[in-house]
Amino acid sequence: MGLFDKKFPGQKLNLRAQDWNDVLDAARNGRETTRDVAEVPGLLRQSTLCKLRNQTGTDLPRYSIVGLDGPIVAPSEEVDVFQQQLTFDGVVPATPTHIGRFAVLLESLPDGEMGQAVISGVVPCHLALGGADPVPPYAEVAAGITATLAGSAGGSAQVLWAEVVGTTRWALVRLQGPACDSEGSWGGCWLGGSTTTITVREVDGAPTVTANTAEFESTDGLTVTDLGSGVAKVNLLAASPTQKGAVTTGFQQIAGQKEWLAGHLWTITDTATNTWTQFRNSTHMTSGSPAAGFGFYEIDQLQASDGNAHEAAKRVVEWADPAVGTRKSRERFYVADTGERLCLVLQADGANPMIGFLGAGAVPRQTGDIGTALVNLGLMSGTPTSGYTDESAQDAVGNILTDTATIDFTYNDAANQITADVKTNSISVGFMHASATDVLFGRSSAGAGAGQEIVCTAFARTILDDVDAAAVRATIGAGTGSGSGTVTSVALTLPGLLFSVAGSPITTSGTFAFSLVTQTANFGLFGPTSGAAANPTFRAMVTADIPSNIVTYAKIQKGGPTRLLGYQGGIGTQDVSELVPTNSIVLATTNLQLLNDSSSPGNNMVYGTGPTGTKGWFAAVGYTDEQAQDAIGAMLVDSARIDLTYTDATPALTADLIADTITAGYLHASATGVVFGRKTAAAGAGEELALAVQADMETATSTTTVVVPGVVQYHPGVAKAWLYSVLTGGTVPAVTASQGVTSITDNGVGQWTINWSITFSSINYAVVGMADTDHTSYSSTLVLDGAPTTTTALVRCYRSSTETVKDPARFSVAAFGDF
Amino acid sequence: MTTKCIVYVRPDGGVSVVVPAPQAQLPDETEDDFLARIQGKDVPAGVISQVVDRASFPADRTFRNAWEHDAAGSAVRVNLPKARTIHKDRLLARRDAAISGLQPKLDRADDAGDNAKIKSIKDARKASRNLDTTLDALLAALTTPEALAAFVPPEITALEAIS
């Protein structure tokens, strides 16, 4: 067991003398050291810790990050305290104010309270990182954040260790002030971690180097080698103000992405000391494995009128397809106003370049109509028009059509057609197609058809070339046209039906002789008896050979006196012949008369059998004859209403009406609204009586009109409406009987509205009503509740004994008035 | 003859029942046409009415002024709170009438020196007057119109039984 091993309670302490003396020396030395420090005014006991007052406005937990705002006690206030103890006011970190000027609390600290904080050295704290980001080499405060430090490529705190995953990770960091304190700064920009090596080399002369600045002449070059992650700035002081400017190059990790933003800043100052800035940032676009869209973009920013840099142009280079075997890249170009405007897209499609304009996707070389191509390329919007279907284009084409001497153009606007036709008689030989020698245009094939070339023989061509008939005769060997010939035989042939020929043929000289041939008796030369036309032949006539209606009576054979032409006796068809009258009627010279009676009987004579049975002429007599009268009497027939009586002795014919047979339809016509009767006081003939109308009934004074049921209601003494209602056995009243009432409305206990089917002419009408009584305990009174309307009356039923509204077992209501 | 009526709710909340007069039905007029004509003529303009069968009404008119109906087509029914108020008024009126009739009986008992009788009458009268404050609770326990109509507090029955 050694001297410095600790003991347990109750354990025996066994020290050697030398060990005890060492303990005493150590204790003495510690006491002296403490005394020395305490006794020397202004000597700090602690330089890595401080007392910090929480001025953030909120309570802070342990290991919070606070910005150092200044000592609590300033030297001007109390210099001894300022010298003896490190104190700070801690505030919410701000950038760049608190970059490298912050502390980590070692204890929870309410707002306004004081506690211990680490301002230098190694301390635990939290880092804010992307979930899968690697552990950064440095960390720095973030504006407004007290919970964590932000990991970065450069910073005032060196990350010694940190958890490898998570967005808020525990870490051990070394608070050491700005990194450049150990590595130096250049142009005011951080150059990165402590391991960065920078070599600055003057190309053609010695640079001017001070403690914090490396300066070069404008003609000097500058080479920066082995620059690690971080930012570099080249600040050139020009001999002329027009050449002033600065270039800053840096890298920055983008939150949530693996890769880094690389940027350039150009600062240009003119003679008026105005300053322009331009940025170019190149940024990786993805945090994962390359996929479609993987690439980077560059943004050029220009200072605008507000003094701030704004995006002016952007270029994106990315994979449309990152697979190595099928890889295709795409490049997009933007310009900007208040937003990005895609102008041009370039892309490879695997075999061909593609291009797209004005926001459209890239497409390969276009075919087809130009409208579709322009739309696909993005140079036009809307639906492309294809071909020349555009009306104006078509009309324009139609308008420029010009007819020639041989071609006639026609433009049909509706059908969008142009037709060209050859004008009649306009095609001269010069327009005919070229042909071989000795060819004619025409048609040699049978039937109509397209024109053909007809090749002439040389002989035919010769004939065509002959100038006149004589030349043609010469060509064909027909002589001169004055030659002679010889006829050796002339024969004559005639139809054998009519003629016979003799002397034929004549071979030298002679005369033809022909004669008619004989025919059968009563035969004539006729065409066919029926049917189609045919050669005529000799035959007997048939009936059809005589046209109808051409034989007049005069052309019929003459007959003898007192003869008729007709048919006599026998049955069946007979030849027509002359008939000799032999019975009662003969034909006189001009009249028809009885056989053997040539007398003239005179006027009003009839032929018949006389009173004695003798036939002869008798004078015609009228109807005064008894038989005629009897005949008339015998044919009298009574009807249902008329009784006819014939008195032969008089003679007289009487007709009388049969009782109870004359109905209203047989009465004489009369005006509307009239009945037959007698209105005069004394007895006498029947008179017409008028029916009473509404006005008669309402006047109620007429004694000469007749009342019918339909107008009784208009009499002032008649109830215009009434009802009898029963409530017994029902929960709503029943209208047991009524007249002039459409309904009653049950409004509650003892309250009903009577709804008239008529409309009174005013509300000045009487309503009367009765309700029942049980003869012992109560009686009921029906009252009119307020003035009625012309169509309704409200009634109530009161119990007489209590004057409360009640339901009776039954009640009745009637109304009198005018309507 | 139609067995249908027309029901509508008046602006004051009361239920009106239009009972068509059978004699008003025109020859050859269908029941539906007849009811439609009556509905158009005798129902006030602007109110919603419905044709219902007579069987849709409560069994009696005991609480006629407590009838209620809604436009959803349900049957006409008794509004129990209203019915309790009606029945309460009736019972109290009945009690008051009974109390009014006690005086002759008190006089007779007094004349007869029947102090026990006098005391019993006065006790009954006093008990019945407590109904002014107790009757609401008693009626609230009754949940059907039939139970409500049949209910008479024993205080009133006792009062009426005094001879």
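Predicted, not measured: the structure shown is a model, and the values here were computed from it. (Residues numbered from 1 in each chain as written. Chains lettered and ligands numbered in written order. Predicted model: local features only at pLDDT ≥ 70, side-chain atom pairs only at ≥ 80, totals over all residues. Heavy atoms only, no water.)

**Here's the deal with the overall build of chain B**
To keep things clear, this is the line we draw: Only DSSP runs of H or I with at least four residues qualify as helices, and only runs of E with at least two residues qualify as strands; both kinds are numbered from the N terminus onward. Note on areas: Shrake-Rupley with a 1.4 Å probe; residue coverage comes only from the protein chains shown.
Secondary structure summary: chain B contains seven helices and five strands in total. Entry remark: accessible area of chain B is about 8,600 Å², with carbon and sulfur atoms responsible for 55%.

**Quick look at helix α3 (residues 103-112) of chain B**
Residue and element names in this part refer to chain B. What counts, and what does not: Each residue's exposure class comes from its accessible area (1.4 Å probe, protein chains only) as a fraction of the maximum for that residue type: buried when under 20%, exposed when over 50%, partly exposed otherwise. Think of it as the arc spanned by the lines of direction from the helix axis to the C-beta atoms. We call two residues in contact whenever any of their non-hydrogen atoms come within 4.5 Å of each other.
For α3, the complete set of buried residues consists of Lys105, Leu106 and Ala109. Around the axis of α3, the buried residues are gathered within 100 degrees of arc, so they sit on the same side. Across from the buried face of α3, at angles greater than 90 degrees, the exposed residues are Asp110 and Asp111. Along its buried surface, α3 packs onto α4 (115-129). Gly113, located one to two residues past α3, shows a positive phi value of around 65 degrees.

**Focus: the packing of aromatic side chains**
All names here are of chain A. Stated formally: Any two of the Phe, Tyr and Trp rings considered here, Trp counted by its six-membered ring, make a pair once their centres fall within 6.5 Å; the pair's planes then place it as stacked at under 30 degrees, edge-to-face at over 60, or tilted in between. Placement of a charge over a ring requires the Lys NZ or Arg CZ to be within 6 Å of the ring centre, with the centre-to-atom vector within 35 degrees of the ring normal.
One pass over the structure, following the stated rule, counts eight aromatic pairs over all chains. Where Trp756 meets Tyr765, the ring centres are 6.4 Å apart and the plane angle is 80 degrees; that geometry is what we call edge-to-face. Of the two residues examined, Trp756 and Tyr765, each falls in the buried class. Over the ring of Tyr334 we find Lys314, and its NZ or CZ is 5.4 Å from the ring centre.

**As for the sheet that holds strand β44 (residues 734-739) of chain A**
All names here are of chain A. Selection criterion: When DSSP locates at least two bridges between a pair of strands, those strands are taken to pair. Interaxial angles span 0 to 180 degrees and are taken between N-to-C directions of axes, which are lines fitted to C-alpha atoms, for helices over the stretch in contact.
In spatial order, the strands read β44-β43-β51-β47; together these four strands make up an open sheet with antiparallel pairing. Because the sheet does not close on itself, it has two edges, and the strands there are β44 and β47 (766-771). This sheet shows a mean twist of 15 degrees between the axes of neighbouring strands, independent of strand direction. Here strand β43 (residues 721-726) pairs with β44 via five bridges, running antiparallel. When the bridges of β44 are listed, Val726 appears paired with Ala734.

**What about the pattern of salt bridges?**
Selection criterion: Salt bridge, as used here: a side-chain nitrogen of Lys or Arg that lies within 4 Å of a carboxyl oxygen of Asp or Glu.
Summed over all chains, the structure comprises 26 salt bridges over all chains. Ionic pairing is found between B:Arg77 and B:Glu68, a salt bridge with its closest N-O pair at 3.1 Å. For B:Glu68, a relative accessible area of 23% translates into the label partly exposed. Each of A:Asp746, A:Asp807, B:Arg61 and B:Arg64 takes part in a single network of salt bridges with overlapping partners.

**Focus: the side chain of A:Asp466**
Note that A:Asp466 resides in the loop between α6 (458-465) and α7 (469-476). Ignoring sequence-local partners within four residues, the contact set of A:Asp466 consists of A:Ala471, A:Val472 and A:Thr475.

**Regarding helix α2 (residues 80-100) of chain B**
Residue and element names in this part refer to chain B. Basically, it comes down to this: One fewer than the residue count of a helix, multiplied by 1.5 Å, yields its expected span. Here a polar contact is taken to be a pair of N or O atoms separated by no more than 3.5 Å, where protein atoms must pair a possible hydrogen donor with a possible acceptor and residues adjacent in sequence count only if both atoms sit in side chains.
For α2, which comprises 21 residues, the first-to-last C-alpha distance of 30 Å matches the rise-based estimate of 30 Å (1.5 Å per residue) to within 8%. Turning to α2, its buried residues are Leu80, Ala83, Arg84, Ile86, His87, Lys88, Leu91, Leu92, Arg95, Ala98 and Ile99. Buried residues along α2 sit in contact with β5 (77-78), α3, α4, α5 (131-140), α6 (145-150) and α7 (154-161). Where α2 begins, one side-chain oxygen reaches toward the backbone nitrogen of Lys82, 3.1 Å away; that side chain belongs to Asn79.

**A short note on the packing of α6(A) against α7(A)**
Residues and elements named next belong to chain A. As a reminder of what qualifies: Comment on the angle field: the value is read as roughly parallel under 35 degrees, roughly antiparallel over 145, roughly perpendicular from 65 to 115, and oblique elsewhere. Here the term charged refers only to Asp, Glu, Lys and Arg, the term nonpolar to Ala, Val, Leu, Ile, Met, Phe, Trp, Tyr, Cys and Pro, and the term polar to all other amino acids, Gly among them.
Direction vectors running N to C along α6 and α7 enclose 160 degrees, while the axes themselves pass 8 Å from each other. The angle between α6 and α7 places the two elements in the roughly antiparallel class. Residue-level contacts link Phe459, Thr462 and Ile463 of α6 to Val472, Thr475 and Ile476 of α7. Residues belonging to the contact of α6 with α7 are distributed by class as follows: four nonpolar, two polar and no charged.

**Thoughts on the sheet that holds strand β5 (residues 114-118) of chain A**
Residues and elements named next belong to chain A. Ordered by their spatial adjacency, five strands build a closed barrel running β1-β3-β2-β4-β5, and the pairing between neighbours is mixed. Averaged over all pairs of adjacent strands, the angle between their axes in this sheet comes to 50 degrees, without regard to strand direction. Here strand β1 (residues 49-54) runs beside β5; their pairing, made up of five bridges, is antiparallel. Its bridge partner lying in β5, Leu49 is registered against Val118.

**Regarding the pairing of β43(A)**
Pairing of β43(A) with strand β51 (residues 810-816) of chain A involves six bridges; the strand directions are antiparallel. Within the sheet, the bridge partner assigned to A:Val726 lies in β51(A) and is A:Arg810.

**Digging into the interface of chain A and chain B**
Using the following cut-off: Defined in terms of a 1.4 Å probe, buried area is the accessible area two parts forfeit on being brought together, summed over both.
Across the boundary between the two partners, chain A contributes 25 residues, which contact 25 residues of chain B. Both faces considered, chain A and chain B share a buried interface measuring about 1,800 Å² in area, 47% of it formed by carbon and sulfur atoms. The largest contributions to the chain A side of the interface with chain B come from A:Thr731, A:Val732 and A:Thr742, which together make up 33% of the buried area. Where chain A packs against chain B, one counts three salt bridges. Here A:Asp746 and B:Arg64 are joined by a salt bridge, their closest N and O atoms 2.9 Å apart. On inspection of chain A and its partner chain B, the count reaches 19 residue pairs in polar contact (both at pLDDT 80 or more). Those elements that place two or more of their residues in the side of chain A that touches chain B are β44, β45 (741-748) and β46 (751-756) of chain A. Looking at the side of chain A that touches chain B, the element that brings in the most residues is β45(A), giving eight residues. Class assignment of the residues belonging to the side of chain A that touches chain B gives a composition of eleven nonpolar, twelve polar and two charged.

**Some remarks on the confidence of the model for chain B**
Put simply, the rule reads: Confidence scores labelled pLDDT are given residue by residue by the predictor and lie between 0 and 100.
Put simply, chain B has an average pLDDT of 91, and 98% of its residues get 70 or more. Scoring the predicted complex yields pTM 0.37 and, for the interface, ipTM 0.87.

**Thoughts on the layout of surface pockets**
The following threshold applies: A 1.4 Å probe that fits into a set of points on a 1 Å grid over the protein atoms alone but cannot get out defines a cavity; an open set with protein on both sides within 12 Å along at least five of seven lines defines a pocket, and lining residues are those with an atom within 4 Å of a point. Grid points are joined across faces, edges and corners, and a volume is the space filled by probe spheres set on the points.
Taken as a whole, the second largest pocket holds about 480 Å³ of empty space. As for the second largest pocket, its lining consists of A:Val749, A:Arg799, A:Thr804, A:Val805, A:Lys806, A:Asp807, B:Asp60, B:Arg61, B:Thr62, B:Asn65, B:Ile86 and B:Arg90.

**Some remarks on the environment of B:Arg64**
Turning to its location among the elements, B:Arg64 is positioned in the loop between β3 (49-53) and β4 (67-68). Judged by its relative accessible area of 1%, B:Arg64 is buried. Each C-alpha atom of the pair B:Arg64 and B:Ala83 lies 8.7 Å from the other, and the pair is 19 residues apart in sequence. With residues near it in sequence (within four places) discarded, B:Arg64 still touches A:Asp746, A:Asn747, A:Gly748, A:Val749, B:Val15, B:Ser16 and B:Val17. At a separation of 2.7 Å, a polar atom in the side chain of B:Arg64 contacts the main-chain carbonyl oxygen of A:Asp746.

**Comments concerning the environment of A:Trp722**
Within the secondary structure, A:Trp722 sits in strand β43. Along the primary structure A:Trp722 and A:Gly740 are separated by 18 residues, whereas in three dimensions their C-alpha atoms are 6.5 Å apart.

**A closer look at a nonpolar patch on the surface**
All names here are of chain A. Let me state the cut-off plainly: Here a patch means residues that are over 30% exposed by relative accessible area and free of salt bridges, tied together within 9 Å if like-charged and within 5 Å if nonpolar (Val, Leu, Ile, Met, Phe, Trp, Tyr).
Together, Met541, Ile546, Ile550, Val551, Tyr553, Ile556, Leu565 and Val576 give the surface a local cluster of nonpolar side chains, amounting to about 880 Å² of exposed area. Looking at the element boundaries, Val551 is found in the loop between β31 (537-539) and β32 (564-566). We classify Val551 as exposed; its relative accessible area is 57%.

**Topic: the confidence of the model for chain A**
Detailed reading of predicted coordinates is not advised where the pLDDT is low. Residue and element names in this part refer to chain A. The share of residues in chain A with pLDDT of 70 or more is 77%, and the mean pLDDT across the chain is 79. Across chain A, the secondary-structure element scoring lowest on mean pLDDT is helix α3 (residues 180-183), at 36, and the one scoring highest is β46, at 95. For the stretch residues 179-204, pLDDT sits under 50, and the model shows 57 contacts to residues farther than four places along the chain or on other chains. Here residues 237-243 is a poorly scored stretch, pLDDT under 50, and it has twelve contacts once near neighbours within four places are set aside; other chains count.

**Quick word on the nonpolar core**
Using the following cut-off: What we call a nonpolar core is a set of buried Ala, Val, Leu, Ile, Met, Phe, Trp, Tyr and Cys residues that are connected through their side-chain atoms within 4.5 Å.
A:Ile754, A:Trp756, A:Phe811, B:Val17 and B:Phe57 are the most contacted members of the largest nonpolar core, which totals 58 residues. In this structure A:Phe811 touches A:Leu723, A:Tyr724, A:Ser725, A:Leu727, A:Ile744, A:Trp752, A:Ile754, A:Met770, A:Ala771 and A:Leu782, once residues within four positions along its chain are discounted. One finds A:Val104, A:Cys125, A:Val141 and A:Ala157 within the second-largest nonpolar core, a separate group that totals 18 residues.

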